[in-house]
Amino acid sequence: MIETVETGAGTARVTWHRANKARLVLAVGHGAGGGIEARDLQALARTLPAHGVTVALVEQPWRVAGRKVAPAPKTLDTGWRGVWPALAKPGLPVISGGRSAGARVACRTAGELGAHAVLALSFPLHPPGKPEKSRAQELLGAGVPTLVVQGGNDPFGRPGEFPEGGFELVEVPHGDHGFAVPKRAALTQEQALEIIGGGVAEWIASLG
């Protein structure tokens with residue numbers, strides 16, 4: 001089911017993948033360079049409903065409007081806040097999630113929106129080649145249980161670069177920022193996606 005939602009940043013769109021007996025909602029936003037067709041978001045939408053998790057794939061207003069470039073973080077946060085009432089409407093706990101820029105939005109807004117937890121896919125810890133420009137404080141400031149799922153070769157931050165903190169981390173070996181794995185890697189693309197789906201399902205089950 002596709003739902004349009006008016007926000008302070010324009011019209012957003014939510015694509016619902018509902019579980020039969022849902023116990024919570026996982027809302028995930030896309031990054032600055034792509035939409036909800038991203039392989040990790042689609043893998044979660046396929047996998048999690050069987051685990052009692054309704055998945056809501058959220059398209060920010062700039063994507064719905066057909067623009068190619070994401071707006072400033074403040075505007076992304078406004079769009080996410082505006083969608084939240086629709087996400088919370090089923091009356092279930094909502095995990096706030098996203099990939100890349102969407103993960104930053106989820107971390108920045110989790111406390112104020114009352115998110116049950118945060119899922120950060122491909123968290124952009126720093127711009128490529130600029131580890132000194134760390135965004136670790138956004139991640140550490142989420143204030144709720146947080147899972148990072150990170151590619152082993154992500155130029156925006158490899159798993160070993162992450163600081164110690166109150167979050168869990170699942171590594172996708174050989175994965176880049178989009179979780180693509182090279183053909184010569186020891187695991188297939190499908191196996192990489194299974195690591196993501198399985199890791200997220202296990203973490204959600206552990207939240208209680």
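One can find the structure itself at the top, above this paragraph.
Nothing here was measured: the structure is a model prediction, and the numbers come from that model. (Residues numbered from 1 in each chain as written. Predicted model: local features only at pLDDT ≥ 70, side-chain atom pairs only at ≥ 80, totals over all residues. Heavy atoms only, no water.)

1. Topic: the packing of aromatic side chains
Then step 1. A full pass over the atoms with the stated rule returns 2 aromatic pairs.
Then step 2. Centre to centre, the rings of F162 and F167 are 6.2 Å apart; their planes meet at 65°, and the pair counts as edge-to-face.
Then step 3. Residue F167 is classed as buried on the basis of its relative accessible area, which comes to 13%. (Phe/Tyr/Trp six-rings, centres within 6.5 Å; stacked < 30°, edge-to-face > 60°. Buried < 20%, exposed > 50% of the residue type's maximum accessible area, 1.4 Å probe, protein only.)

2. Comments concerning the environment of V28
Then step 1. Secondary-structure assignment places V28 in strand 3 (residues 24-29).
Then step 2. Residue V28 is classed as buried on the basis of its relative accessible area, which comes to 0%.
Then step 3. With 78 residues separating them in the primary sequence, V28 and A106 have C-alpha atoms 8.4 Å apart.
Then step 4. Leaving out residues up to four positions away in the same chain, V28 has contacts with L41, V55, A56, L57, V58, W80, G97, G98, L119 and L121. (Helix = DSSP H or I, 4+ residues; strand = E, 2+ residues; numbered from the N terminus. Contact = heavy atoms within 4.5 Å.)

3. A look at the sheet that holds strand 3
Then step 1. In space, the 8 strands of this open sheet follow the order 1-2-4-3-5-6-7-8, with mixed pairing throughout. Edge strands, defined here as strands with exactly one partner in the open sheet, are strand 1 (2-7) and strand 8 (168-172). The sheet shows a mean angle of 20° between the axes of neighbouring strands, direction not considered.
Then step 2. The pairing of strand 3 with strand 5 (residues 94-99) spans 5 bridges and is classified as parallel. Considered in strand 5, the bridge of A27 is made with S96.
Then step 3. The sheet contacts of helix 6 (residues 189-207) involve strand 3, strand 4 (53-59), strand 5, strand 6 (117-121), strand 7 (146-151) and strand 8, and relative to strand 8 the element is tilted by about 165°. (Pairing = 2+ DSSP bridges. Axes fitted to C-alpha atoms, helices over the stretch in contact; angles between N-to-C directions.)

4. Notes on the pattern of salt bridges
Then step 1. Summed over the entire model, instances satisfying the criterion amount to 7 salt bridges.
Then step 2. E37 is the partner of R63 in a salt bridge, and the nearest nitrogen-oxygen pair spans 3.6 Å. Of this pair, R63 sits in helix 2 (residues 61-64) while E37 sits in the loop between strand 3 and helix 1 (39-47), and the two are 26 residues apart along the sequence.
Then step 3. With a relative accessible area of 28%, R63 lands in the partly exposed category.
Then step 4. Overlapping salt bridges bring together D77, R104, R108 and E138 as one network. (Salt bridge = Lys/Arg side-chain N within 4 Å of Asp/Glu carboxyl O.)

5. A closer look at unusual backbone geometry
Then step 1. Positive phi, close to 55°, is recorded for S100, a residue that is not glycine.
Then step 2. As for its position among the elements, S100 is in the loop between strand 5 and helix 4 (101-113).
Then step 3. Phi is positive for S122, which is not a glycine, with a value near 50°.

6. Some words on the nonpolar core
Within soluble globular proteins, side chains that are nonpolar tend to cluster in buried spots.
Then step 1. Formed by 35 residues in total, the largest nonpolar core has its most connected members in V14, L87 and F123.
Then step 2. For this core, the elements supplying multiple residues, two or more each, are strand 2 (10-17), strand 3, strand 4, helix 3 (73-88), helix 4, strand 6 and helix 5 (136-140).
Then step 3. Of all the elements, helix 4 adds the most residues to this core, at 7 residues.
Then step 4. Other than its neighbours up to four places away in sequence, V14 contacts M1, I2, E3, V5, A56, L57, V58, V83 and L87.
Then step 5. Counting residues in hydrophobic clusters, the runner-up holds 32 residues, among them L44, A117, V181 and L187. (Core = buried A, V, L, I, M, F, W, Y, C linked by side-chain atoms within 4.5 Å.)

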